[in-house]
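Take a look at the letters that make up each chain.
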Amino acid sequence: MTDAGPSRAFVSLIGAGPGDPGLLTLRGQQALQEADVVLFDYLANPELLRYCSQARTIYVGKKGFSEYISQEQINTLIVQMAQENGGQRVARLKGGDVFVFGRGGEEAEACVQAGVPFEVVPGVSSAIAAPAYAGIPVTHRNVARNFAVLTGHTHDGGMPHETLAGVDTLVLLMGVRNLERIAAQLIEGGRDPATPAATVQWASTPRQREVSGTLATIAQAVREAGLGAPAVTVVGEVVRLRETLQWFNPASRPLSGRTVAVTRTREGASALGDVLRTRGAEVLEVPLIRFAPTSDHDALHARLRDVNDVSWLLLTSNQAITALMEHLQALGLDARHLAGVRLAAVGPSTAASLQQRGLRADFVPSTPGARHLADELPVRPGEVALHLTSQLAEDSLQRLLEARGVVYQRAELYRTEVAALDPVLRSRLRTVDAVTLASGSAARHLAALAGPEFDPLTLRVVAMGPQTAEAARQAGFRHLQVAETASLEALADAVEHSFE
Ligand code: SAH
C-alpha cells in the first residue's frame, strides 16, 4: 500500500472560556479529546488538558515563563504541528473567545495560507463572563441598551470618543495597568466621572476578586486592593445592579483559596476533582502515567492474528480496549475477528468501553478487580485465557487463574509509563497547597518526579486509605493525612482537615 489516505492535518481554534473549566463548550471538549497536539495559552485553564492526556501539549503563553514566543512563531508552530507525522489534529486552546482580542484571526489566516483545514470553536469571552460573574448584566432594560468591548492596549481603546458617546456600557479588557490613564481619557471624552465602575480579576475562578467605585475612583481602588491582570473593567450604570445581583462568592466555600493537585494513575477525568471544586478548591489534575505503544509489536500481532485457541480475553482497563481496537485495525481486521472468543471485563467501566465499540462483555465480576475476576470467571481447567494488558500487569490474576488450572497467557498490548509533566504543570505543582493520592503507585510516581528545583516529598499529601498512606510514607512523604473511608467525600473531608 502506498496511498497513505487523506491527511489527518486539521486545526481546531478553541475558545477555552474565561477560567472555570465548566465554561468550555461541548464542541471544544470533543476537539480536545481528538487532538494529537495541544497548544495552550496562559489564560486557558490548564485543567482542560485532562481532556487530552494522550496528546502532546505545548505551552505557548506569553506570560510567566522566560521564553517569549511571538505570534508569528505561534502561527508557524500551529501549521507545522498540523503537517508533522503525515498530518495531525491540532487543538489551539485560547483563553475566552478565539476572536475577541485573541489574535485567532491571524492563526486562522496562517492555516488558510498553508492549506490546512481548520475550524473555529467560539468560547465564552471574559468580556461577557467577567461582568456576569460579578453580577453585572452588560445590557439591562431601561439602563443600558448596548455595550462596547475595548482594549486598554491602544491609546483610544480602539474607538474614537465620538463613537463611544452613544455607548451605555463599556467593557475594558487588557486595561488594568493603564486604568488611570484610560479613565482620565474617558472623562475627558465626556463621560461622567460619577459613572459606576467595577473591576473583576480572574473572573469565574476560585481566585476571583472584584472592586468597585466610579470612573473617577476605580483606578485607585484597583491599586489599593492590589488587583492586576487578568482583569476586566466595566463602566456604566449597569454596575449598580451588582449590589442586588451578585451571586458568585467563591470565598465562602470551605476550600476556597486552596489549590489541590489530584494525581491520577488511570485514564479519564477525575470525579474527585469535581468534588473538590464544589467545595471551592482550585484543582490541578496531574496525570502521573501515560500510555505508549507496546515494545514488541510483532509478538503482539502474531498473538492477535490467530486467536482460535483462546477461550477468554481478559480486559482489565479501558486503555486495553482502545489499544486492542487500534491493533486489530492495523492488522486490517475488526471486531468480527473476536467472534469466537468470549470477553471478560474487569469492571463496569471496562464493560462500558466495550459497549461503546458495539461489543458486549460476556462476563463482568460482581465486584470490580482482578481477584473477583479470577474467582468468578466461568472458565474450565485447560482453557486458555489471554490477558491483554500493559507491562505493569500485577501477577494476582495469573496466580489465581493458574491455581484453577487455567492456561493463563499474557500479551503486552500497551505500555504504561511515567508521564513527563509539562513545565507548566510542574511549576504549578510546586505551589499547590495539598496533593491527593489514590494508590500506592501514585505515591511512588509522584515521588519519582523529584528534580533539582522541585521536591515532591515536601508536599502536603492526602491519602485515600491506610495502604496508600503507608506506601506514601515509604516513598518518603512526611506531611500525611488519611481519609477515614475510601470514598471521594471522605477524601475531600481529609483535604479540609489537613488545613485545620
Ligand atoms: N480572548 C480573550 C481575551 C484575550 S485578551 C477573551 O475573549 O476573553 C486578555 C484579556 O482578557 C486580559 O487582559 C483580561 O482583560 C481578559 N481576561 C481573560 N480572562 C479573564 C478572567 N478570567 N478574568 C478577568 N479578565 C480576563
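The shown structure was predicted, so the numbers you read here are calculated from the model rather than taken from an experiment.

### Let's talk about the site of the ligand
Here is step 1 of the chain: Lining the immediate surroundings of the ligand are 17 residues, of which Pro-18, Asp-97, Val-100, Ser-126 and Ala-231 lie closest.
Here is step 2 of the chain: In the model, a nitrogen atom of the ligand is placed 2.7 Å from a nitrogen or oxygen of the Val-100 main chain.
Here is step 3 of the chain: Here an oxygen atom of the ligand and a backbone polar atom of Ala-231 are 2.7 Å apart.
Here is step 4 of the chain: For the ligand, the accessible surface in isolation is 540 Å², of which the surrounding protein chains cover 93%.
Here is step 5 of the chain: Class assignment for the residues of the shell around the ligand results in twelve nonpolar, four polar and one charged.

### A short note on the state of the cysteines
Here is step 1 of the chain: Going through the model one piece at a time under the given rule, you end up with zero disulfides.
Here is step 2 of the chain: Left without a disulfide partner, Cys-52 is nearest to the cysteine sulfur of Cys-111, which lies 18 Å away.
Here is step 3 of the chain: With relative accessibility at 4%, the residue Cys-52 sits in the buried group.

### Focus on the domain arrangement of the chain
Here is step 1 of the chain: You can read the domains of the chain as domain 1 (10-123), domain 2 (128-250) and domain 3 (253-500).
Here is step 2 of the chain: Each side of the interface is counted separately: domain 1 has eleven residues, and domain 3 has 13 residues.
Here is step 3 of the chain: Between domain 1 and domain 3, the buried area comes to about 1,000 Å², and carbon and sulfur atoms account for 56% of it.
Here is step 4 of the chain: Ionic pairing is found between Arg-277 and Glu-47, a salt bridge with its closest N-O pair at 2.9 Å.
Here is step 5 of the chain: Applying the counting criterion to the domain 1 and domain 3 interface returns two residue pairs in polar contact (both at pLDDT 80 or more).

### Details of the UniProt feature "domain: Tetrapyrrole biosynthesis uroporphyrinogen III synthase" (unreviewed entry) in the chain
Here is step 1 of the chain: Sequence positions flagged by UniProt for "domain: Tetrapyrrole biosynthesis uroporphyrinogen III synthase" (unreviewed entry) are, in local numbering, residues 273-492.
Here is step 2 of the chain: The span residues 273-492 is 37% helical and 23% strand by assignment, and the distance between its end C-alpha atoms comes to 9 Å.

### Side note on the pattern of salt bridges
Here is step 1 of the chain: Under the definition given, this model contains 33 salt bridges.
Here is step 2 of the chain: Arg-242 serves as the salt-bridge partner of Glu-210, at 3.0 Å between the closest nitrogen and oxygen. Placement of the pair is Glu-210 in strand β9 (residues 209-214) and Arg-242 in helix α8 (residues 242-245), with a sequence separation of 32 residues. By the burial criterion, Glu-210 is buried, and Arg-242 matches it.

### A short note on the packing of helix α2 (residues 71-83) against helix α3 (residues 104-114)
Here is step 1 of the chain: Remark: α2 packs on α3, axes separated minimally by 9 Å, with the N-to-C direction vectors making an angle of 45°. When the axis of α2 is compared with that of α3, the two are oblique. Here α2 and α3 pass one another in a crossing that is right-handed. Only Glu-106, Glu-107, Ala-110, Cys-111 and Ala-114 of α3 make contact with α2, whose side of the interface consists of Gln-71, Ile-74, Asn-75, Ile-78, Val-79 and Gln-83.
Here is step 2 of the chain: Of the residues in the contact of α2 with α3, the class split is six nonpolar, three polar and two charged.

### Concerning the sheet that holds strand β7 (residues 169-173)
Here is step 1 of the chain: Read across the sheet, five strands follow the order β6-β7-β10-β8-β9 without closing on themselves; strand pairing throughout is mixed. If you trace the sheet from one side to the other, it starts and ends with β6 (147-151) and β9, each paired once. Neighbouring strand axes in the sheet, compared pairwise and without regard to direction, differ in orientation by 20° on average.
Here is step 2 of the chain: The sheet contact formed by β7 and strand β10 (residues 231-235) spans three bridges and is antiparallel. The partner of Leu-172 across the bridge, within β10, is Thr-233.
Here is step 3 of the chain: Across the sheet, helix α7 (residues 218-225) touches β8 (196-201) and β9, and the angle it forms with β9 is around 150°.

### Focus on the pairing of strand β4 (residues 89-94)
Here is step 1 of the chain: The element β4 is largely enclosed, with a buried count of five among its six residues.
Here is step 2 of the chain: Examined bridge by bridge, strand β1 (residues 10-15) and β4 share six bridges and lie parallel to one another. Its bridge partner lying in β4, Leu-13 is registered against Arg-92.
Here is step 3 of the chain: One ladder, built from four bridges, connects strand β2 (residues 37-40) with β4; its direction is parallel. Counterpart to Phe-40 in the pairing with β4 is Leu-93.

### Section: the sheet that holds strand β3 (residues 56-59)
To summarise the sheet geometry, strands pair through backbone hydrogen bonds and adopt either a parallel or an antiparallel arrangement.
Here is step 1 of the chain: Across the sheet, which stays open at both edges, the five strands sit in the order β3-β2-β4-β1-β5 with parallel pairing between neighbours. Of all the strands in the sheet, just β3 and β5 (118-121) have a single pairing partner and so form its edges. Recorded for the sheet is a direction-independent mean angle of 15° between the axes of neighbouring strands.
Here is step 2 of the chain: One ladder, built from four bridges, connects β2 with β3; its direction is parallel. Among the inter-strand pairings, Phe-40 is bridged to a residue of β3, identified as Tyr-59.
Here is step 3 of the chain: Running at roughly 150° to β4, α2 makes contact with β1, β2, β3 and β4 of the sheet.

### Structural notes on the nonpolar core
Here is step 1 of the chain: Val-310, Leu-313, Leu-315, Leu-324, Leu-354, Leu-388 and Leu-413 are the most contacted members of the largest nonpolar core, which has 29 residues in total.
Here is step 2 of the chain: Elements supplying a minimum of two residues to this core: β13 (289-293), α10 (297-305), β14 (312-315), α11 (318-330), β15 (342-345), α12 (348-356), β16 (384-390) and β17 (407-418).
Here is step 3 of the chain: Here this core gets six residues from one element, more than from any other, and that element is α11.
Here is step 4 of the chain: The residues contacting Leu-388, other than those within four sequence positions of it, are Leu-304, Leu-313, Leu-314, Leu-315, Ala-320, Leu-324, Ala-411 and Leu-413.

### Thoughts on the packing of aromatic side chains
Here is step 1 of the chain: The full count for this structure, using the stated rule, is seven aromatic pairs.
Here is step 2 of the chain: When the ring of Tyr-133 is compared with that of Phe-248, the centres are 4.8 Å apart and the planes differ by 80°; the resulting orientation is edge-to-face. Residue Tyr-133 is located in helix α4 (residues 126-133), and its partner Phe-248 is located in the loop between α8 and β11 (259-264); the two are separated by 115 residues in the primary sequence.
Here is step 3 of the chain: For Tyr-133, a relative accessible area of 11% translates into the label buried.
Here is step 4 of the chain: On the basis of relative accessible area, Phe-248 is assigned to the buried category, the value being 12%.
Here is step 5 of the chain: Measuring from centroid to centroid gives 6.4 Å for Trp-312 and Phe-363, while their planes differ by 80°, and the two rings are edge-to-face. Separated by 51 residues along the polypeptide, Trp-312 in strand β14 and Phe-363 in the loop between α12 and α13 (370-376) bring together distant segments of the chain.
Here is step 6 of the chain: Overall, the relative accessible area of 13% leaves Phe-363 in the buried class.
Here is step 7 of the chain: Grouping aromatic residues by their ring pairs yields a cluster made of Tyr-133, Trp-247 and Phe-248.
Here is step 8 of the chain: One Lys or Arg, Arg-207, reaches over the ring of Trp-202 and ends 4.1 Å from the middle of that ring.
Here is step 9 of the chain: Between the NZ or CZ atom of Arg-258 and the centre of the ring of Phe-499, over which it lies, the distance is 3.9 Å.

Calculation rules
Residues numbered from 1 in each chain as written. Predicted model: local features only at pLDDT ≥ 70, side-chain atom pairs only at ≥ 80, totals over all residues. Heavy atoms only, no water. Near = heavy atom within 4 Å. Polar contact = N/O pair within 3.5 Å; in protein donor to acceptor, adjacent residues only side chain to side chain. Areas by Shrake-Rupley, 256 points an atom, 1.4 Å probe, with all protein chains shown as cover. Nonpolar A, V, L, I, M, F, W, Y, C, P; charged D, E, K, R; others polar. Disulfide = S-S within 2.5 Å. Buried < 20%, exposed > 50% of the residue type's maximum accessible area, 1.4 Å probe, protein only. Domains from an automatic or database assignment. Contact = heavy atoms within 4.5 Å. Buried area = accessible area lost by both parts, 1.4 Å probe. Salt bridge = Lys/Arg side-chain N within 4 Å of Asp/Glu carboxyl O. UniProt positions renumbered as here; feature names shortened; annotations may be inferred. Helix = DSSP H or I, 4+ residues; strand = E, 2+ residues; numbered from the N terminus. Axes fitted to C-alpha atoms, helices over the stretch in contact; angles between N-to-C directions. Parallel < 35°, antiparallel > 145°, perpendicular 65-115°, else oblique. Left-handed = near helix turned anticlockwise from the far one by under 90°. Pairing = 2+ DSSP bridges. Core = buried A, V, L, I, M, F, W, Y, C linked by side-chain atoms within 4.5 Å. Phe/Tyr/Trp six-rings, centres within 6.5 Å; stacked < 30°, edge-to-face > 60°. Lys NZ or Arg CZ within 6 Å of the ring centre and 35° of its normal.

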